[in-house]
Amino acid sequence: MAWIRLPREIAFGYGTINHLAEMDMKRVAVICGGASTTRLAEERILPLLKGSGKEAELMPGVRPEPPMRQVVEFKERLLEFEPDWILGFGGGSAIDLAKSAWVFYEQPELPVEEKIKEWGTGPIHTLPPIRRKARLVAIETTSGTGTAVTRGSVIIDEVGKKKYPVRSYDIVPDVAIYDPEVCLAMPPHITANTGMDALTHAIEAYVSTQDNAPAEWLALRAIQYVFRYLPRAYANPVDREAREKMHEANLMAAIAFSNASLGITHAHAHSLGGHYRMPHGLANAVMLPYVIDFNIPAAEAKYAEIARFIGLGGLRDADLAAGLITEVLRLEKLVGIPGLKDALGDDLDDFLTNLDSVAKDAFDDPTVATNPRKVSSPADTKAIYQNALQGRLIHG
Ligand SMILES: [Fe+2]
């Protein structure tokens, strides 16, 4: 069975951030991350909230790839402030943290670590009731994670060096605001990494084992827009049209993967993020060509459809699917994405020593279940890492 589950409201386009002033909210907790988003929240978000008669408290400090202990910390901050709305403002980390902290604000007696591990493993979960105290509005300041419209919240267990992608439709935000204005200050390397995350979402949703026609149409358009507009947004951060189209790609790709699921590019990326804190979009980017290469025997026709949609030439599906890999690598070069070896940097030695454990964590990731080609054992995920490390392709 296929379905599309979404926030109740999605506002899209320049100026939509002003919708905050019209929303019926009394006490708003604004959760955000580092210095630049905090400044943006102070300059753009707080005046809109306070100027329209709402109480608002800024809760900055979410770390990139947020750890379990921050879920506890922000739960406590929320319990103290007692908001009726939580506003997640930032990239994937701030909004993912807002989602998880919200659940434990609603259900403060639940043990955080135990539950994150439970909900971050296995099937999509139904959570204990939330929305009794607060609702969630999310505003993305990057164009890639899509977390303002998705069912996911990725939290790191720093002790076990493992990422837990909590998956539940209960945490799809109530309202999502996609205003490209807040992306204009994004630096080029973040534009590139998050843009590649969006491309990975769309490609993985399109070829996943969960057939979902509406999601697939959104995925195709998102893929086309990333190839067309990411180089422009990367080269010129204030290209307003490119920023808007990339934000649109981000939104479409996220609706697609939140409803049609993902594949093992994300499994490999989650493990790289858990072990080495490699930025999520970068980790996807370095693995994507090699995962397509692995999947081609099971999904050649679907990769060929993508290739045709973005205008690549070729008559045989085999040539078109291989052409897609070449095109992904060409895009990555244009936007400064390195290979896996360079992305690991000083962690390369540790990676080589602990490859079995990194590969095992990738194999255990829940996204393996919907990958188009069956992944039989950690030997498969290990071989894909080795191919990425050596730049070795069978089909490309
Ligand atoms: Fe992702």
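Refer to the structure presented above.
Now for a description of the structure that goes with this document. As the structure is a prediction and not an experimental result, all values here were calculated from the model. Sequence order as written defines residue numbering, which begins from 1 separately in each chain. Totals for whole chains, interfaces and linings use every residue, but because this is a predicted model, local features are given only for residues with pLDDT of at least 70 and side-chain atom pairs only at 80 or more, for both listing and counting. Working from all heavy atoms in the structure, the side-chain values ignore hydrogens and water.

**What about the pattern of salt bridges?**
Next up, step 1: We define a salt bridge as a contact between a side-chain nitrogen of Lys or Arg and a carboxyl oxygen of Asp or Glu at a distance within 4 Å. Scanning all chains against the criterion turns up 21 salt bridges.
Next up, step 2: Note that Arg232 is salt-bridged to Glu241, the shortest N-O span being 2.8 Å.
Next up, step 3: Remark: exposure states derive from per-residue accessible area (1.4 Å probe, protein chains only) relative to the maximum for the residue type, with buried under 20%, exposed over 50%, and partly exposed in between. Residue Glu241 is classed as partly exposed on the basis of its relative accessible area of 41%.
Next up, step 4: Across the pair Asp356 and Lys382 runs a salt bridge whose closest N-O atoms are separated by 2.9 Å. On the criterion of sequence distance, the pair formed by Asp356 in helix H14 (residues 355-364) and Lys382 in helix H15 (residues 378-390) is long-range, its members being 26 residues apart.
Next up, step 5: The exposure class of Lys382 is partly exposed, given its relative accessible area of 27%.
Next up, step 6: Residues joined in a network through salt bridges with shared partners are Arg63, Arg69, Glu158 and Arg277. We count a stretch as a helix when DSSP gives it H or I for four or more residues in a row; a strand needs E for two or more, and each element gets its number in order from the N terminus.

**Focus: the nonpolar core**
Next up, step 1: Here, the term nonpolar core denotes a set of buried Ala, Val, Leu, Ile, Met, Phe, Trp, Tyr and Cys residues that are joined through side-chain atoms within 4.5 Å. If you look at the biggest cluster of nonpolar residues, it comprises 83 residues, and the most contacted ones within it are Leu199, Leu272, Tyr303, Leu340, Phe351 and Tyr385.
Next up, step 2: By residue number, the principal contributor to this core is helix H10 (residues 280-309), which donates 16 residues.
Next up, step 3: Two domains share this core, each providing at least three of its residues, namely domain 1 (9-183) and domain 2 (188-390).
Next up, step 4: Any two residues whose heavy atoms approach within 4.5 Å at even a single point are treated as in contact. What Leu340 contacts, discounting residues up to four positions off in sequence, is Leu272, Met278, Val286, Met287, Phe351, Tyr385, Ala388 and Leu389.
Next up, step 5: Ala98, Trp102, Ile116 and Ile155 belong to the second largest nonpolar core, which has 29 residues in total. How far each domain reaches was decided by an automatic or database domain assignment.

**Quick word on the pairing of strand E2 (residues 27-31)**
Next up, step 1: Counted residue by residue, E2 has four buried out of five residues, so it is predominantly covered.
Next up, step 2: Whether two strands pair depends on DSSP finding at least two bridges between them. Note: E2 against strand E3 (residues 55-59), five bridges, orientation parallel. Looking at the pairing, Arg27 lines up with Glu55 of E3.
Next up, step 3: Tracing the backbone out of E2, into helix H2 (residues 35-51) and back to the parallel element E3 gives a crossover that is right-handed. Looking down the strands as they point away from the viewer, one classifies a crossover as right-handed if the path from the first strand across the helix to the second runs clockwise.

**Some details on the packing of aromatic side chains**
Next up, step 1: Ring pairs are drawn from Phe, Tyr and Trp, using the six-membered ring of Trp, whenever the two centres fall within 6.5 Å, and their geometry is named by plane angle: stacked under 30 degrees, edge-to-face over 60, tilted for the rest. A complete count under the given rule lists five aromatic pairs for this structure.
Next up, step 2: Note on Trp3 and Tyr169: the rings are 6.0 Å apart at their centroids and 75 degrees apart in plane angle, and the pair reads as edge-to-face. Remark: Tyr169 occurs in the loop between strand E7 (162-167) and strand E8 (175-178) and Trp3 occurs in the segment before strand E1 (9-12); sequence separation between them is 166 residues.
Next up, step 3: The class for Trp3 is partly exposed, based on a relative accessible area of 30%.
Next up, step 4: On the basis of an interplanar angle of 90 degrees and a centroid distance of 5.5 Å, the ring pair of Tyr225 and Tyr229 is categorised as edge-to-face. Within this pair, Tyr225 and its partner Tyr229 are both found in helix H7 (residues 213-235), separated by four residues, close to a single helical turn. As far as the burial class goes, Tyr225 and Tyr229 line up, both buried.
Next up, step 5: A connected cluster of aromatic rings, assembled from ring pairs, spans Tyr276, Phe351 and Tyr385.

**Re the packing of H7 against helix H8 (residues 240-260)**
Next up, step 1: It is at 8 Å that the axes of H7 and H8 come closest, and there the two elements cross at 150 degrees. Our classification of the angle between H7 and H8 gives roughly antiparallel. Two packed elements cross with a definite hand, and for H7 against H8 that hand is left-handed. Taking contact as the criterion, the partners of Ala215, Leu218, Ala219, Arg221, Ala222, Tyr225, Val226, Tyr229, Leu230, Arg232 and Ala233 in H7 are, on H8, Glu241, Ala242, Arg243, Lys245, Met246, Glu248, Ala249, Met252, Ala253, Ile255, Ala256 and Ala260.
Next up, step 2: For this classification, Asp, Glu, Lys and Arg are treated as charged, while Ala, Val, Leu, Ile, Met, Phe, Trp, Tyr, Cys and Pro are nonpolar and the rest, including Gly, are polar. Class assignment of the residues belonging to the contact of H7 with H8 gives a composition of 17 nonpolar, no polar and six charged. Axis definition: a line fit to C-alpha positions, over the contact stretch in the case of helices; interaxial angles, taken between N-to-C directions, run 0 to 180 degrees. These descriptions rest on fixed angle ranges, namely under 35 degrees for roughly parallel, over 145 for roughly antiparallel, 65 to 115 for roughly perpendicular, and the rest for oblique. It is the rotation of the near helix from the far one that decides the hand of a crossing: anticlockwise by less than a right angle makes it left-handed, clockwise makes it right-handed.

The quantities given are spatial measurements derived from coordinates; they are silent on function.
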